Amino acid sequence: MKIAIDGHSSCGKSTLAKALAKKFNFIYIDTGAMYRAVTLYALKNEIFSNGLINEALLKDALKDIKIEFRRVGENLHAWLNGEDVESEIRKIEVSRYVSQISAVGFVRNEMVAQQRRMASNSSVVMDGRDIGTVVFPDAELKIFVTASPEIRAERRFNELKTKGDNVSYEEIFQNLKARDLQDSSRAVAPLRQADDAILLDNSNMTINEQFEYAVKLVESKIS
Ligand code: DC
């Protein structure tokens, strides 16, 4: 079974996807982490110059980028070329550049191929922007998650503050709005709700309410 969870930035997709994967014993794949890992690699290897991508260098670099998910204690961490980059890829510096990287067609082709391979032998919950539309258009269950931009920015602000990241609410809010716009207006695989996806606006829901709601959806598909 494939469960596709798409939606806007910082809307709680991963929290929901992780909890569902745990409950139903499916594997969980955070596709945003993969685009973030490529972005981190690009930032560290001078693939950006004056804020713009050098596509020839990026294409070449893709061959040297190995992304994996490995369990670290209770959690699944993203690893880039043998290094745990889970916390580094969440930083605002990576968030600033990730929409540019994820708009590049050949990067998307490679990530989609890897995502399909990772899910080829098991039931999976995958979250991202194009899972229900491109990666698994035939997924048994598709959920499109959203919440108001103010609420999403506040949640992300609180999360980064807890981690000790010194970043303002305003910067997060502006980054989130910019990413929404870039993600939904790009030419390749733009963020959009699949025709057969269920819309879940969690602006006024707790994490638990959202989870209970989604569990019912999964159970109805299983039965
Ligand atoms: O889910 P996230 O915020 O960690 O994702 C980071 C960025 O990656 C997001 O701005 C858009 C991009 N992305 C994408 O284009 N396609 C996906 N399937 C997942 C993420």
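Residues numbered from 1 in each chain as written. Predicted model: local features only at pLDDT ≥ 70, side-chain atom pairs only at ≥ 80, totals over all residues. Heavy atoms only, no water.

J.: A description of the pairing of strand β8 (residues 124–128) should follow, citing residues and the corresponding values.
T.: Most of β8 is tucked away, with five of its five residues classed as buried. Taking every second residue as pointing to the same face, both faces of β8 are buried, with Val-124, Met-126 and Gly-128 on one and Val-125 and Asp-127 on the other. Pairing of strand β1 (residues 2–7) with β8 involves five bridges; the strand directions are parallel. Looking at β8, one finds that Ile-5 is bridged to Asp-127. Note that strand β2 (residues 27–30) and β8 share four bridges and pair parallel. Its bridge partner lying in β8, Ile-29 is registered against Met-126. (Buried < 20%, exposed > 50% of the residue type's maximum accessible area, 1.4 Å probe, protein only. Helix = DSSP H or I, 4+ residues; strand = E, 2+ residues; numbered from the N terminus. Pairing = 2+ DSSP bridges.)

J.: How would you sum up the site of the ligand? Please name residues and give values.
T.: Around the ligand there are 15 residues in total, and Arg-36, Arg-108, Asp-130, Arg-179 and Arg-186 lie nearest to it. Separating an oxygen atom of the ligand from a side-chain N or O atom of Arg-108 is a distance of 2.8 Å. Taking 450 Å² as the accessible area of the ligand by itself, protein coverage stands at 97%. Secondary-structure elements contributing two or more residues to the shell around the ligand are α2 (31–44), α4 (92–102) and α8 (169–185). (Near = heavy atom within 4 Å. Polar contact = N/O pair within 3.5 Å; in protein donor to acceptor, adjacent residues only side chain to side chain. Areas by Shrake-Rupley, 256 points an atom, 1.4 Å probe, with all protein chains shown as cover.)

J.: Outline the sheet that holds β2, supporting the account with residue identities and numerical values.
T.: Within the open sheet, the five strands sit side by side as β2-β8-β1-β9-β10. Their pairing is parallel. Of all the strands in the sheet, the pair left with one neighbour each is β2 and β10 (198–201). Strand-to-strand twist across the sheet, computed as the mean angle between neighbouring axes with direction ignored, equals 20 degrees. With respect to the sheet, α2 is in contact with β2 and β8, its orientation differing from that of β2 by roughly 40 degrees. (Axes fitted to C-alpha atoms, helices over the stretch in contact; angles between N-to-C directions. Contact = heavy atoms within 4.5 Å.)

J.: Tell me what's going on with the pattern of salt bridges, and back it up with residues and numbers.
T.: For the structure shown, the criterion picks out 17 salt bridges. The partner of Glu-88 in a salt bridge is Lys-44, and the shortest N-O contact between them spans 3.1 Å. Note that Glu-88 is positioned in the loop between β7 (83–84) and α4 and Lys-44 in helix α2, a separation of 44 residues in sequence. Given a relative accessible area of 26%, Glu-88 falls into the partly exposed group. Classification of Lys-44 as partly exposed rests on a relative accessible area of 46%. Salt bridges sharing common partners tie together Asp-30, Glu-86 and Arg-90. (Salt bridge = Lys/Arg side-chain N within 4 Å of Asp/Glu carboxyl O.)

J.: Could you give me a rundown of the packing of helix α1 (residues 13–24) against helix α9 (residues 207–222), with the residues and numbers involved?
T.: Contact geometry for α1 and α9: axes closest at 10 Å, N-to-C directions at 50 degrees. Regarding the angle of α1 to α9, the classification is oblique. Along this stretch, α1 crosses α9, giving a crossing that reads as right-handed. Across the interface between the two elements, Thr-15, Leu-16, Ala-19, Leu-20, Lys-23 and Phe-24 of α1 pack against Ile-207, Gln-210, Phe-211, Ala-214, Val-215, Val-218, Glu-219 and Ile-222 of α9. (Parallel < 35°, antiparallel > 145°, perpendicular 65-115°, else oblique. Left-handed = near helix turned anticlockwise from the far one by under 90°.)

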